[in-house]
Amino acid sequence: MQPDELVALFDQQAPGYDRQWARTAAIRDGMYLLLEPLLAGLPDDARVLCVGVGTGQELAHLAKACPRWTFVAVDPSGAMIDACRARAQAEGFAARCRFHHGFLDALPTEAPFDAATCFLVSQFLVDRAARVRFFAEIAARLRPDGLLASSDLAFDTASPAYDVLLPAWMRMMAMADVSPEALQRIREAYGRDVAVLPPREVTAMLEDGGFATPVPFFQAGLIHGWVSRTPA
């Protein structure tokens, strides 16, 4: 899927995105529960870059947990960044945010960030070199020993275990407001428009992008999460 097609897809999904996936929120909440202690060592006034922020769910969680942090939210979907801004205004933390409608490589250069988040984003880059460049763009915007919390769909799709897990994953997604036809399209997209790769390959791309020894901290079904640092 080309970048403009992907942006158009998320523009279309934005108005009902949170409502559609509300029944699977336990997965997201479990990841956030483990994320907070991993970020606990950041400065009280940390600057955090949220890449592919979508409707701003992780941004809202972190803004509530850390009332002195400031954020730059980045998303190429105008409808998603509008939804994120509306959430920040409604929940009272918009003054601590700056919103960038566009891709990460167009974000103006500024003082390094203390940390970044990037949840379920890099999987849409099916070309390995492009995915490594994407991670390198994040690393370049972090201070030395800066932290990246990321997640992606990841699994060894050639393994017998995938034949067990994928049907269960599809049944879980069916709990959301997703039609059988849409579920079939999602399943077909894995490996074509969504790069579902073995976790070790995602770890290798993080390292090639400039991060030191990514550490897995979360798994739920096909979703894997890592915490990585830039060299000190």
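Described in the following lines is the structure provided in the data block. The model shown is predicted, which means the values in this text are computed figures rather than measured ones.

What to know about the packing of helix H6 (residues 128-140) against helix H9 (residues 199-208)
Then, number 1: Two elements in contact, H6 and H9, have axes separated by 8 Å at closest approach and are oriented at 55 degrees. Compared by their axis directions, H6 and H9 come out oblique. Handedness of the crossing formed by H6 with H9: right-handed. In contact with Arg128, Arg131, Val132 and Phe135 of H6, H9 contributes Val202, Ala204, Met205, Leu206 and Asp208.
Then, number 2: Grouping the amino acids of the contact of H6 with H9 by side-chain chemistry returns six nonpolar, no polar and three charged.

Brief notes about the pattern of salt bridges
Then, number 1: In this structure the tally under the stated criterion is twelve salt bridges.
Then, number 2: Taking the shortest distance from any N to any O, the salt bridge between Asp114 and Arg143 comes out at 2.8 Å. One end of the pair, Asp114, is in strand E4 (residues 113-119); the other, Arg143, is in strand E5 (residues 142-153), and 29 residues separate them in sequence.
Then, number 3: The buried category is assigned to Asp114, whose relative accessible area is 12%.
Then, number 4: As a salt-bridge pair, Arg141 and Glu137 come within 2.6 Å of each other at their nearest N and O atoms.
Then, number 5: Its relative accessible area of 13% is what places Arg141 among the buried residues.
Then, number 6: Sharing partners across several salt bridges, the network here consists of Asp18, Arg87 and Glu91.

Observations regarding the environment of Ala232
Then, number 1: Assignment of secondary structure puts Ala232 in the segment after strand E7 (223-229).
Then, number 2: Here Ala232 falls in the exposed class, since its relative accessible area comes to 89%.
Then, number 3: Taking the C-alpha atoms as reference, Ala232 lies 8.0 Å from Gly146; in sequence the two are 86 residues apart.
Then, number 4: Beyond its immediate sequence surroundings of up to four residues, Ala232 is in contact with Pro144 and Asp145.

What to know about the pairing of strand E2 (residues 70-75)
Then, number 1: Most of E2 sits out of view: five of its six residues are buried.
Then, number 2: The sheet contact formed by strand E1 (residues 47-51) and E2 spans five bridges and is parallel. Bridge assignment links Val48 to a residue of E2, and that residue is Phe71.
Then, number 3: The parallel pair E1 and E2 is bridged by helix H4 (residues 57-65), and the resulting crossover is right-handed.
Then, number 4: Bridge count between E2 and strand E3 (residues 97-101): five bridges; the pairing is parallel. When the bridges of E3 are listed, Val74 appears paired with His100.
Then, number 5: What joins E2 to E3 is helix H5 (residues 78-91), and the crossover it makes is right-handed.

Cut-offs used in this document
- Residues numbered from 1 in each chain as written.
- Predicted model: local features only at pLDDT ≥ 70, side-chain atom pairs only at ≥ 80, totals over all residues.
- Heavy atoms only, no water.
- Axes fitted to C-alpha atoms, helices over the stretch in contact; angles between N-to-C directions.
- Helix = DSSP H or I, 4+ residues; strand = E, 2+ residues; numbered from the N terminus.
- Parallel < 35°, antiparallel > 145°, perpendicular 65-115°, else oblique.
- Left-handed = near helix turned anticlockwise from the far one by under 90°.
- Contact = heavy atoms within 4.5 Å.
- Nonpolar A, V, L, I, M, F, W, Y, C, P; charged D, E, K, R; others polar.
- Salt bridge = Lys/Arg side-chain N within 4 Å of Asp/Glu carboxyl O.
- Buried < 20%, exposed > 50% of the residue type's maximum accessible area, 1.4 Å probe, protein only.
- Pairing = 2+ DSSP bridges.
- Right-handed = clockwise from strand over helix to strand, strands pointing away.

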